[in-house]
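Listed here are the chains, written in short residue letters.
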Amino acid sequence: MNTGTTITYVYGYNLYVNTTNKCDFSCDFCVRHNSHIGSVPASDLWLRREPTVEEIVRSIESYDLSKFNQLVFCGFGEPTCRFDDICRVIDLLQEDGVKIPTRIDTNGTGCLINRRDICPDFKNRFDRVSISLNTDTAERYEKLCHPAYPGSFEEMLRFAKEVQKYVPEVIMTVVDCISKEEIEHCRHICEDEVGARFRVRSYITETRDENEFEKQNI
């Protein structure tokens with residue numbers, strides 16, 4: 001059955017995988033509020049139903065994956081809402097001999113969502129994890145991200161520290177719509193307290209040139 005949706009899409013030099021609309025956040029800066037993601041209209045990423053594991057694998061394998069830098073699990077929802085399915089997708093790709101660096105972009109609350117410690121399951125599946133730090137205090141985080149679970153800020157930081165045991169690279173990001181002071185405090189939290197790599201993302205409001213994506217390593 002056709003999902004009538006975009007399961008995979010090209011963004012910059014990566015292939016992105018859109019698995020769910022579900023999210024435990026409602027961030028003020030979310031790309032859902034904009035009209036495009038790269039060359040993909042935002043409306044095309046709203047899923048009328050979630051694709052099956054088999055549909056996701058077929059969609060990924062329909063591309064020449066040698067043309068992409070990374071396979072990135074990131075769509076209109078929080079991907080860890082389907083964490084077990086995503087792990088199964090990666091396992092099937094590995095069984096098929098697919099070799100491409102994998103990344104997941106997450107808000108860092110997957111353990112709360114799945115009600116268990118998911119960190120060990122990242123081992124040998126993901127090469128990179130990108131975590132949305134977003135801002136520098138729990139109070140600001142609540143106001144900016146509107147998380148569904150209490151203690152999400154603290155859980156995100158705990159997850160960022162713990163998952164480093166299982167993946168080669170962990171990145172923490174903020175969007176440049178917050179103040180410079182917040183950004184610098186976030187840099188301190190990321191680099192000095194967590195020990196991850198820090199990146200400031202541009203707030204996406206329109207289609208951008210692919211060279212810009214490469215510069216930002218999106």
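All of the points below concern the structure found in this document.

What counts as what
Residues numbered from 1 in each chain as written. Predicted model: local features only at pLDDT ≥ 70, side-chain atom pairs only at ≥ 80, totals over all residues. Heavy atoms only, no water. Helix = DSSP H or I, 4+ residues; strand = E, 2+ residues; numbered from the N terminus. Buried < 20%, exposed > 50% of the residue type's maximum accessible area, 1.4 Å probe, protein only. Contact = heavy atoms within 4.5 Å. Salt bridge = Lys/Arg side-chain N within 4 Å of Asp/Glu carboxyl O. Pairing = 2+ DSSP bridges. Axes fitted to C-alpha atoms, helices over the stretch in contact; angles between N-to-C directions. Parallel < 35°, antiparallel > 145°, perpendicular 65-115°, else oblique. Left-handed = near helix turned anticlockwise from the far one by under 90°. Nonpolar A, V, L, I, M, F, W, Y, C, P; charged D, E, K, R; others polar.

### A word on the overall build of the chain
Scanning the chain from N- to C-terminus turns up 7 helices and 9 strands. In the chain, which comprises 218 residues, the share counted as buried stands at 54%. Pairs at least 24 apart in sequence give 79% of the contacts found in the chain among residues at least 6 apart.

### As for the environment of F159
Note that F159 resides in helix α5 (residues 152–163). Note: C-alpha distance between F159 and D117 (42 residues apart in sequence) is 9.0 Å. Setting aside residues no more than four positions away along its own chain, F159 makes contact with T106, G108, C111, I118, C119, F122, V129 and I131.

### Regarding the pattern of salt bridges
Using the criterion set out here, one finds 16 salt bridges in the structure. One salt bridge in this structure joins D105 and R103, with 2.7 Å as the shortest N-O distance. Note on D105: relative accessible area 17%, which makes it buried. Taking the relative accessible area as the measure of exposure, R103 reaches 3% and is therefore buried.

### Some remarks on the pairing of strand β7 (residues 128–132)
Burial analysis of β7 places 5 of its 5 residues in the buried class, the great majority of the element. Of the two faces of β7, the one carrying R128, S130 and S132 and the one carrying V129 and I131 are both buried. In this structure, strand β6 (residues 102–106) lies alongside β7, joined through 4 bridges in parallel fashion. Within β7, the position partnered with T106 by the bridge is I131. Pairing analysis gives 5 bridges linking β7 to strand β8 (residues 169–175), with the strands arranged parallel. Looking at the pairing, S130 lines up with I171 of β8.

### Structural notes on the packing of helix α1 (residues 53–61) against helix α2 (residues 83–95)
Two numbers describe how α1 lies on α2: the axes approach to 9 Å, and their chain directions differ by 50 degrees. Taken together, α1 and α2 sit at an angle that is classed as oblique. In the packing of α1 onto α2, the handedness of the crossing is right-handed. Residue-level inspection shows V53, I56, V57, I60 and E61 of α1 in contact with α2, the latter providing D85, R88, V89, L92 and L93. In terms of residue class, the contact of α1 with α2 is made up of 7 nonpolar, no polar and 3 charged.

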